[in-house]
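Residues per chain, in single letters:
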There are 2 protein chains.
Amino acid sequence: MNTGKKILLVDDEQDILEFLSYNLKKEGYDLYTANNGNEALTIAKNVIPDLIILDVMMPDMDGMETCRILRELPGLQNVMIAFLTARNEDYSQIAGFEVGADDYINKPIKPRVLISRIKALLRRAEGDNSEKIEKIESGGIKIDRERYLIIQDGIELNLPKKEFELLALLASKPGKVFTRELILYSVWGGDVVVGDRTIDVHIRKLREKIGEDFIKTIKGIGYKFEF
Amino acid sequence: MNTGKKILLVDDEQDILEFLSYNLKKEGYDLYTANNGNEALTIAKNVIPDLIILDVMMPDMDGMETCRILRELPGLQNVMIAFLTARNEDYSQIAGFEVGADDYINKPIKPRVLISRIKALLRRAEGDNSEKIEKIESGGIKIDRERYLIIQDGIELNLPKKEFELLALLASKPGKVFTRELILYSVWGGDVVVGDRTIDVHIRKLREKIGEDFIKTIKGIGYKFEF
DNA sequence: TTCAATTATAAAAAAATCATTAAAATAATT
DNA sequence: AATTATTTTAATGATTTTTTTATAATTGAA
């Protein structure tokens, strides 16, 4: 029995990951796991799960922060996000909802409860038929994630990974300004911190390759893709 | 560049204190340092920092204990507190959160990582989730935060950051008079002090760009947006 | 009306941010 | 291991934005 629903589990404790994985797989969900926020971002971008379950308490980037960033990423606006919290930290619930969480699940977790909660959540999500973005096409530029290729006016362009990810991000929502912060999180990952000029250099390379006019600088904010 | 944010560092090792101080000052934070818990308490009471970074392991009064007391002090309930911990003592992490810590940072510390973490923490403290209005529309003027654009009679206008924020603020509530104080606070931020004429100049620029009649001066008080 | 306070304005100075290039460091491939 | 490709840093220059300064103009109260 397979529901075809994809769930991304994020927790720093391997035990919990395994425990939940086991129980959810049994119910026919496709499971993806991440040990920390950054991993979660990477996976989420590529997989676009139906539900993300985030532990609130994690080192480096906590659940809240992860959630906030996830919500900014194109394609992940409509994904259901649930938080795992230890029982008594209810202050975090308030903050969590502000950040865009859809539900809370208290530890310790009882499988039965969890599953019924998840079903409810996914049912709730059914309404949103959010198509995942495998191919982005805008302004004569096609982005093929599958083949890792940019196609511009019919001509195929091979870009190095970082450049590809950067362009894919910008082009995923033409017109939207992506802050440097968001770019860093989404292309580089939260704690792989690189110098500030790194983004610029990649932008330069992109402009060289696809033309000067597609990527516009919004000084003090970030960049946006336009055509 | 000065963020105006105050950080109190507490560690018994002078090396670490200096190392962190140096790196954080470079980022524009105001630094205060203490060698032990008691010193920390004294300073914190007087300064009310935005963030306190506490070494977990200190002689006499350890970080956890210091944290517990800090949290009791009036005015320090909402200060962000982060713990510095050696990598493997993760049981203390849990205890730390119970005591009221907002984050923990593992040693050894990489400056870049530290800084991105601190930014995240301070952002969290700001209550940065303060719903900034995404689209304001009034009197033929549309403000599109996502695209960072002003659209006037269908014509797109690019404004520099401060001008944009200022206009967005005024236009968010047409007719309402915004005092200079409020404008400063919300566009420039609580502790950034700029000269008195700065607002005027920005208003001038705005009037040049969108027309003279939208922004009205209320002498002695501030400005309002009308149409 | 007159005066003091406040704002307007333009131009200059200062600061912040980005662009660009070349070189260094990493990673991937052969 | 050597070569090549990619990524990052570092240094410098250019540009834009922000702030200050100085002076003029305006306002509203006495």
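For clarity, every value in this text was computed on a predicted model and none was experimentally measured.

A. Layout of the nonpolar core. Counting residues in each nonpolar core, the largest one holds 50 residues, and the members touching the most others are I52, L54, F83, L170, I183, I215 and F225 of chain A. Sort the elements by how many residues they give to this core and helix 6 (residues 161–172) of chain A lands first, with seven residues. In terms of nonpolar packing, the next biggest core, distinct from the first, is built from 29 residues, I218 and I221 of chain A together with I143 and L206 of chain B among them.

B. Fine view of the environment of T85 of chain B. All names here are of chain B. Mapped onto the elements of the fold, T85 is located in strand 4 (residues 80–86). The class for T85 is buried, based on a relative accessible area of 1%. Distance from T85 to V56, taken between C-alpha atoms, is 5.8 Å for residues 29 residues apart in sequence.

C. Inspection of the protein's contact with DNA strand C at higher detail. Taken together, 22 residues lie around DNA strand C, and R207 of chain A together with R204, R207, T217 and Y223 of chain B are the ones closest in. Each atom of DNA strand C within 4 Å of the protein belongs either to a base or to sugar and phosphate, the latter forming 68%. G220 of chain A is positioned with one of its backbone polar atoms (N or O) 3.0 Å from a phosphate oxygen of DNA strand C. With respect to DNA strand C, the side chain of R207 of chain B contributes an N or O atom lying 2.5 Å from a phosphate oxygen. Contributions of two or more residues to the surface near DNA strand C are made by helix 8 (197–210) of chain A together with helix 8 (197–210) of chain B. For the surface near DNA strand C, the per-class residue count stands at six nonpolar, four polar and twelve charged.

D. Main features of the interface of chain A and chain B. Listed per partner, the contact involves 25 residues of chain A and 16 residues of chain B. Seen at the junction of chain A and chain B, the total is one salt bridge. Note that E146 of chain B is salt-bridged to K173 of chain A, the shortest N-O span being 3.4 Å. Our enumeration of links across chain A and chain B arrives at five residue pairs in polar contact (both at pLDDT 80 or more). Elements represented by at least two residues in the side of chain A that touches chain B include exactly helix 3 (63–72), helix 4 (91–99), helix 7 (180–188) and strand 11 (215–218) of chain A. Taken together, the residues that form the side of chain A that touches chain B break down as ten nonpolar, four polar and eleven charged.

Criteria and thresholds
Residues numbered from 1 in each chain as written. Chains lettered and ligands numbered in written order. Predicted model: local features only at pLDDT ≥ 70, side-chain atom pairs only at ≥ 80, totals over all residues. Heavy atoms only, no water. Core = buried A, V, L, I, M, F, W, Y, C linked by side-chain atoms within 4.5 Å. Buried < 20%, exposed > 50% of the residue type's maximum accessible area, 1.4 Å probe, protein only. Helix = DSSP H or I, 4+ residues; strand = E, 2+ residues; numbered from the N terminus. Near = heavy atom within 4 Å. Polar contact = N/O pair within 3.5 Å; in protein donor to acceptor, adjacent residues only side chain to side chain. Nonpolar A, V, L, I, M, F, W, Y, C, P; charged D, E, K, R; others polar. Contact = heavy atoms within 4.5 Å. Salt bridge = Lys/Arg side-chain N within 4 Å of Asp/Glu carboxyl O.

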